[in-house]
Amino acid sequence: GPKGEDVRRLEVAGVPDGGALSVGGEEVQLVQHRKGDPLVLLRVGAGKEEALQVLETTADGYVVRWLGKDVHVVVRTPLEQGMSAHMLAPEEKDMSNALVCPMPGTLVSFNVAEGDEVQDGQELAVVEAMKMRNSLRSTKRTRVAAIKCKVGDHLKVDQVILTFDDEA
């Protein structure tokens, strides 16, 4: 799997209340679970009973705690699983040296100029979204390298507003 993830295929046959599960070819038996209860008791193969706790629901599955690890479980149909092999992994961008817009909105003002030194927590810009003004602040002591937008611009989520100098 991507970046060394432990990827195992989970086969589900039948319906949730009467289906058979297998992980890595080993049968998984549902020992105990009540609807709405985040705790599930399982038995993998001929092993002992193991608890699995559902921590949260995600857009594509669940985050569960199993055997002391928090694991993201992706739920896909067989067709989705087949197609996933052809999907590109999302590009990871380093945005640590940029101020990005956290929500769609309009850039109302700048409180800095290119070349200014800024302090941790200093207000850099103000974005208006849904008639509310949001102060965007520096998360570190640095220097403004370049301003990428102008007052009045309509910004998208994660659009770069300004960049910081690595050398500051």
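It should be emphasised that the depicted structure is a prediction, and the values quoted were computed from it without experimental measurement. (Residues numbered from 1 in each chain as written. Predicted model: local features only at pLDDT ≥ 70, side-chain atom pairs only at ≥ 80, totals over all residues. Heavy atoms only, no water.)

Trainee: I'd love a proper account of the environment of D94, names of residues and values included.
Mentor: Mapped onto the secondary structure, D94 falls in the loop between α1 (78–84) and β8 (98–100). Polar side-chain contacts of D94 include one of 2.7 Å to the side chain of S96. (Helix = DSSP H or I, 4+ residues; strand = E, 2+ residues; numbered from the N terminus. Polar contact = N/O pair within 3.5 Å; in protein donor to acceptor, adjacent residues only side chain to side chain.)

Trainee: Can you break down the sheet that holds strand β9 (residues 105–110) residue by residue, with the values?
Mentor: Strand order in the open sheet formed by four strands is β12-β11-β9-β14, and the pairing between neighbours is antiparallel. This sheet does not close on itself; its edge strands, each paired only once, are β12 (132–137) and β14 (154–155). Where β9 meets strand β11 (residues 123–129), four bridges bridge the pair, whose relative direction is antiparallel. Bridge pairing in β11 links S109 to V126. (Pairing = 2+ DSSP bridges.)

Trainee: Could you give an account of the nonpolar core, naming the residues involved and the relevant values?
Mentor: Ranked by internal contacts, the top residues of the largest apolar core, which has 16 residues, are L99, L107, V127, L155, I161 and L162. Sequence-distant contacts of V127, that is, excluding residues within four places in its chain, are made with C101, M103, G105, T106, L107, V108, M132, R133, N134, L136, L155 and I161. Counting six residues, the second largest nonpolar core, distinct from the first, contains V40, L42, L52 and V64. (Core = buried A, V, L, I, M, F, W, Y, C linked by side-chain atoms within 4.5 Å. Buried < 20%, exposed > 50% of the residue type's maximum accessible area, 1.4 Å probe, protein only. Contact = heavy atoms within 4.5 Å.)

Trainee: Tell me what's going on with the sheet that holds strand β15 (residues 160–164), and back it up with residues and numbers.
Mentor: Reading across the sheet, the four strands line up as β8-β15-β13-β10 and stay open at both edges, with antiparallel pairing between neighbours. Looking at strand neighbours, the two that pair on one side only are β8 and β10 (117–118), the edges of this open sheet.

Trainee: Could you give me a rundown of the confidence of the model for the protein, with the residues and numbers involved?
Mentor: Across the protein, the average pLDDT comes to 83, with 84% of residues at or above 70. For the protein, the element scoring lowest by mean pLDDT is strand β1 (residues 10–13), at 52; β14 scores highest, at 96. In the model, residues 13–18 has pLDDT below 50 throughout and makes three contacts with residues more than four positions away in sequence or in other chains. (pLDDT = per-residue confidence, 0-100.)

Trainee: Describe in detail the side chain of E50, supporting the description with residues and values.
Mentor: Looking at the secondary structure, you find E50 in strand β5 (residues 49–58). Buried and without a salt bridge, E50 has K48 as its closest oppositely charged side chain, separated by 6.4 Å. (Lys, Arg positive; Asp, Glu negative; His and termini not counted. Salt bridge = Lys/Arg side-chain N within 4 Å of Asp/Glu carboxyl O.)

Trainee: Just give me the short version of the pairing of β5, but keep the residues and values in it.
Mentor: Taken together, the five bridges between strand β4 (residues 39–44) and β5 define a ladder with antiparallel strand orientation. Across the sheet, residue L41 finds its bridge partner in β5, namely A51. Between β4 and β5, which pair antiparallel in sequence order, lie four residues; one of them, G45, sits at a positive phi of approximately 60°. Relative to strand β6 (residues 61–66), β5 is paired through six bridges, and the arrangement is antiparallel. From the neighbouring strand, Q53 faces β6, where its bridge partner is R65.

Trainee: Give a description of the state of the cysteines that names residues and reports values.
Mentor: Under the criterion given, the structure shown has zero disulfides. Cysteine C101 shares no disulfide, and the gap to the nearest cysteine sulfur, in C149, comes to 8.2 Å. On the basis of relative accessible area, C149 is assigned to the buried category, the value being 10%. (Disulfide = S-S within 2.5 Å.)

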